[in-house]
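Overview (structure and organization)
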Amino acid sequence: MKHKFIITAIIGKPNVGKSTLFNKLINKKLSITSKKKNTTLYNNIGIYNKPNKQFIYIDNPGINIHPIKYIKNILYYSKHNLYSNNINLFILIIYKYISIIEIKLIKFIQKININLLIIINKIDLIKNKLILLNIINKLKIFNINNIIPLNLKKKKYLIIIKKYINKYSIYKSYIFNKNIITTQTNKTIITEIIREKIFRLTGDEIPYNIYYKIINIEKNNNLWYIWLNLIIYKKQYIKILNGFNYKKINKIKYLSQIDINKYFNKKIKLYIKIKLYKKPKN
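Residues numbered from 1 in each chain as written. Predicted model: local features only at pLDDT ≥ 70, side-chain atom pairs only at ≥ 80, totals over all residues. Heavy atoms only, no water.

With that settled, consider the overall build of the protein. Counting its regular elements, the protein contains 8 helices and 10 strands. Expected size for 282 residues packed as a compact globule is a radius of gyration near 19 Å; at 20 Å, the protein falls within 12% of this value. Here the protein, with 282 residues, has 48% of them falling under the buried criterion. Contacts in the protein between residues at least 24 apart in sequence constitute 69% of all its contacts with a sequence separation of at least 6. On the protein, the mean spot of the 55 positive side-chain charges and the mean spot of the 9 negative ones are 5 Å from each other. (Helix = DSSP H or I, 4+ residues; strand = E, 2+ residues; numbered from the N terminus. Rg over C-alpha atoms; globule rule 2.2 N^0.38 Å. Buried < 20%, exposed > 50% of the residue type's maximum accessible area, 1.4 Å probe, protein only. Contact = heavy atoms within 4.5 Å. Lys, Arg positive; Asp, Glu negative; His and termini not counted. Charge placed at Lys NZ, Arg CZ, Asp CG, Glu CD.)

The contact between helix H6 (residues 186-201) and helix H8 (residues 247-264) brings their axes to 9 Å, and the two run at 140°. If you check the angle between H6 and H8, you find them oblique. Considering the relative orientation of H6 and H8, their crossing is right-handed. Each of Asn186, Ile189, Ile190, Ile193, Ile194, Glu196, Lys197, Ile198 and Leu201 in H6 lies in contact with H8, whose residues at this interface are Lys248, Lys251, Ile252, Leu255, Ser256, Asp259, Ile260, Tyr263 and Phe264. (Axes fitted to C-alpha atoms, helices over the stretch in contact; angles between N-to-C directions. Parallel < 35°, antiparallel > 145°, perpendicular 65-115°, else oblique. Left-handed = near helix turned anticlockwise from the far one by under 90°.)

Now for the pattern of salt bridges. The tally for this structure, following the rule as stated, stands at 6 salt bridges. In this structure, Glu196 and Lys197 form a salt bridge, with 2.8 Å as the shortest nitrogen-oxygen distance. Assigned by exposure class, Glu196 and Lys197 land together as buried. The salt bridge involving Arg200 is made with Glu196; its shortest N-O contact spans 3.4 Å. Here Arg200 and its partner Glu196 are both found in helix H6, 4 residues apart, which amounts to about one turn of the helix. Among the ionic contacts, a cluster of salt bridges with common partners joins Lys29, Glu196, Lys197, Arg200 and Asp259. (Salt bridge = Lys/Arg side-chain N within 4 Å of Asp/Glu carboxyl O.)

With that settled, consider the sheet that holds strand S8 (residues 211-220). Within the open sheet, the 3 strands sit side by side as S8-S9-S10. Their pairing is mixed. Two strands in the sheet have a free side with no partner beyond their single neighbour: S8 and strand S10 (267-276). Taking the axes of each pair of neighbouring strands and ignoring which way they run, one obtains an average angle of 15° across the sheet. The sheet contact formed by strand S9 (residues 223-232) and S10 spans 10 bridges and is parallel. Among the inter-strand pairings, Ile231 is bridged to a residue of S10, identified as Lys275. Set on the sheet, H6 makes contact with S8, S9 and S10; between it and S8 the angle comes to about 125°. Where H8 meets the sheet, its contacts fall on S9 and S10, and the angle it forms with S10 comes to roughly 140°. (Pairing = 2+ DSSP bridges.)

What follows concerns the side chain of Lys197. Looking at where Lys197 falls in the secondary structure, it is placed in helix H6. The buried category is assigned to Lys197, whose relative accessible area is 7%. In contact with Lys197, other than residues within four places in its own chain, are Ile252, Leu255, Ser256 and Asp259.

Attention shifts here to the packing of helix H2 (residues 67-81) against helix H3 (residues 100-111). At their nearest, the axes of H2 and H3 sit 8 Å apart, and the two run at 50° to each other. In this view, H2 runs oblique relative to H3, as classed from their interaxial angle. Of the two possible hands of crossing, H2 and H3 adopt the one that is right-handed. Every residue of H3 that contacts H2 at Pro67, Ile68, Tyr70, Ile71 and Lys72 is listed here: Ile101, Lys104, Leu105, Phe108 and Ile109. Looking at the contact of H2 with H3 residue by residue, the class counts come to 8 nonpolar, no polar and 2 charged. (Nonpolar A, V, L, I, M, F, W, Y, C, P; charged D, E, K, R; others polar.)

A few words on helix H5 (residues 155-167). In this model H5 runs 19 Å from its N-terminal to its C-terminal C-alpha over 13 residues, within 8% of the 18 Å that 1.5 Å per residue would give. Elements that come into contact with the buried residues of H5 comprise strand S1 (3-12), helix H1 (18-26), strand S3 (53-59), strand S4 (89-94), strand S5 (115-120) and strand S6 (147-149). (Expected span 1.5 Å × (residues − 1).)

This brings us to the nonpolar core. Leu21, Phe90, Ile91 and Ile161 are the most contacted members of the largest nonpolar core, which totals 86 residues. Those residues in contact with Ile161, other than ones at most four positions away along the chain, are Leu21, Leu25, Ile91, Leu117, Ile119, Ile148 and Leu150. (Core = buried A, V, L, I, M, F, W, Y, C linked by side-chain atoms within 4.5 Å.)

To continue, consider H1. Within H1, 7 of the 9 residues are buried, which leaves the element mostly enclosed by the surrounding structure. Lining the buried residues of H1 we find S1, strand S2 (44-50), S3, S4, S5 and H5. Asn27 occupies a position one or two residues after H1 and carries a positive phi of about 60°.

What follows is the structure, encoded as structure tokens:
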């Protein structure tokens, strides 16, 4: 049977709110969020299933390469991870100002003839409303009617976005089982939850220089035991990660256990070890 179906890719510069919107659209926290740039490191697929509806969302890292190559990479990813299905809609998120990067993105998306919805995010933080007006005026030259100034703290804005997405949906068969909400493995989800806590509780540099390795997951009915190594290459990171009297690492562990428990609905015992290695030569 054919049902309402759409593949939507959420794009934009780092730290504009892509992952926050992604999580709200699928009604589940799959992508980690923080105030640090480059929190999302790779493409993340979320699947929103309802009776007669399957909406697929791709949360993408912030633009860190040429805009055209960025879009081509997302299209390639979609083709090879969503059973050769094409993206039906791009949601471009803008914050504070529109740069040459967003302009190039818009021009290329219009050139390849894929639907585009533009969101001006965090309007509650833009005190000078002339800034908002300036962005809208710059977008007028592209003849784009789908522009939404957004404050995700207010539910009405999310309802408006969902209406736009529904408008561009097509009818086709499901490509995923209706019980699947992501293509991520359990290990990836667990690692990302822990990475988010480290992002939020340590300094700016450390999170980008830690590698995560799950050693084992032992499942005993409703209780999961998880062993994970934090691999670092600088000795000074040990003290920063542990904190005074191991308070920081214990808080990382405690908050991670809470979120892993919420996601999997299992009681979690998490064991974290910090491992210092010599950095491999290139």
